[in-house]
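For reference, the chains in residue letters:
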Amino acid sequence: MIHSPFEQFKIVEISSYTEGYNFVFTNSLFQTIVILTFFIDITTNVLYSTKNPNEIPAYSWIFKELYMFIYNTISAYIGKKTSTFFPFIFFLFLFIFIFNFVGLLPYSFTITSHFAITFGLGFTVWFAVILLGIKQWGLAFLNIFFPKGTSTALVFFITAIEFLSYSFRVFSISLRL
């Protein structure tokens, strides 16, 4: 029984059988394993069993509708490269959605309430954007730190501010999640 609203954020040790290893099985790890097993099963067996979204089985209509909604939304922004980035964005969306939805259930544990989880997701996306930008545009990607029309006297100051704001973006993404 929960006696405090903050008890749902407490990580509780379920078992700690360790013979020479430092491993603790917690409620957070248990929930993550259960939900990710369900999630991977749904995405691999139902959604990615076919390349054509219209051939998704009829019994999974809610996943088909969600799949099509997210695909069309991403397609509107990305265009031709949708098929390249869609699996990652879809997985990320469903991961955040499912874990936040489970957190709404009474007596459940909200794994996305921990900064380590959201920081890991935010850092992964932030670093991926940097790598893809450098791969796509090379060193010209660094032009995002040099705003056009900046006077020569302010170039070093503005560049430092732009670099800091871009670097701290990973923390703002993590806090928003």
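Residues numbered from 1 in each chain as written. Predicted model: local features only at pLDDT ≥ 70, side-chain atom pairs only at ≥ 80, totals over all residues. Heavy atoms only, no water.

## Details of the packing of helix H5 (residues 155-167) against helix H6 (residues 169-176)
Where H5 contacts H6, the axes come no closer than 4 Å and their chain directions differ by 30°. Touching Ser-165, Tyr-166 and Ser-167 of H5 are Arg-169, Val-170 and Phe-171, all from H6. For the contact of H5 with H6, the class distribution of residues is 3 nonpolar, 2 polar and 1 charged. (Axes fitted to C-alpha atoms, helices over the stretch in contact; angles between N-to-C directions. Helix = DSSP H or I, 4+ residues; strand = E, 2+ residues; numbered from the N terminus. Contact = heavy atoms within 4.5 Å. Nonpolar A, V, L, I, M, F, W, Y, C, P; charged D, E, K, R; others polar.)

## Observations concerning the layout of surface pockets
The calculated volume of the largest pocket comes to roughly 630 Å³. Forming the walls of the largest pocket are 19 residues, and the residues nearest its centre are Ile-78, Phe-85, Ala-128, Val-129 and Leu-132. Of all the elements in the fold, those that place two or more residues in the lining of the largest pocket are helix H3 (82-103) and helix H4 (115-137). When residues of the lining of the largest pocket are assigned to their parent elements, the largest contribution, 8 residues, is made by H4. By residue class, the composition of the lining of the largest pocket is 14 nonpolar, 3 polar and 2 charged. (1 Å grid on protein atoms, 1.4 Å probe; cavity = no way out; pocket = protein on both sides within 12 Å on 5 of 7 lines; lining within 4 Å. Points joined across faces, edges and corners; volume = space filled by probe spheres on them.)

## Concerning a nonpolar patch on the surface
Together, Phe-93, Phe-97, Phe-101, Leu-104 and Leu-105 make up an exposed nonpolar region whose accessible area comes to about 520 Å². Within the secondary structure, Leu-104 sits in the loop between H3 and H4. (Patch = residues over 30% accessible without salt bridge, like charges linked within 9 Å, V, L, I, M, F, W, Y side chains within 5 Å. Areas by Shrake-Rupley, 256 points an atom, 1.4 Å probe, with all protein chains shown as cover. Salt bridge = Lys/Arg side-chain N within 4 Å of Asp/Glu carboxyl O.)

## Examining the side chain of Thr-118
Mapping Thr-118 onto the fold places it in helix H4. Looking at Thr-118, its side chain comes within polar contact range of the main-chain oxygen of Ser-174, at 3.2 Å. Sequence-distant contacts of Thr-118, defined by excluding residues within four places in its chain, comprise Thr-112, Ser-174 and Leu-177. (Polar contact = N/O pair within 3.5 Å; in protein donor to acceptor, adjacent residues only side chain to side chain.)

## Some remarks on the packing of aromatic side chains
The full count for this structure, using the stated rule, is 15 aromatic pairs. Plain terms: the ring middles of Phe-145 and Tyr-166 are 5.6 Å apart, the flat faces sit at 85° to each other, and that makes the pair edge-to-face. Of this pair, Phe-145 sits in the loop between H4 and H5 while Tyr-166 sits in helix H5, and the two are 21 residues apart along the sequence. Each member of the pair, Phe-145 together with Tyr-166, is buried. Considering the side-chain rings of Phe-168 and Phe-171, the 5.8 Å spacing of their centres and the 40° angle between planes classify their relative orientation as tilted. On the basis of relative accessibility, which here comes to 35%, the residue Phe-171 falls in the partly exposed class. Through a chain of ring-to-ring contacts, three or more aromatic side chains come together here, namely Phe-115, Phe-119, Phe-123, Trp-126, Phe-127, Phe-145, Phe-163, Tyr-166, Phe-168 and Phe-171. (Phe/Tyr/Trp six-rings, centres within 6.5 Å; stacked < 30°, edge-to-face > 60°. Buried < 20%, exposed > 50% of the residue type's maximum accessible area, 1.4 Å probe, protein only.)

## A word on the nonpolar core
Phe-86 and Phe-90 are the most contacted members of the largest nonpolar core, which has 17 residues in total. Looking at this core, the elements with two or more residues in it are helix H1 (27-47), helix H2 (61-78) and H3. No other element matches the 9 residues that H3 contributes to this core. The next biggest cluster of nonpolar side chains, apart from the first, holds 6 residues, and it includes Trp-126, Ile-130, Tyr-166 and Val-170. (Core = buried A, V, L, I, M, F, W, Y, C linked by side-chain atoms within 4.5 Å.)

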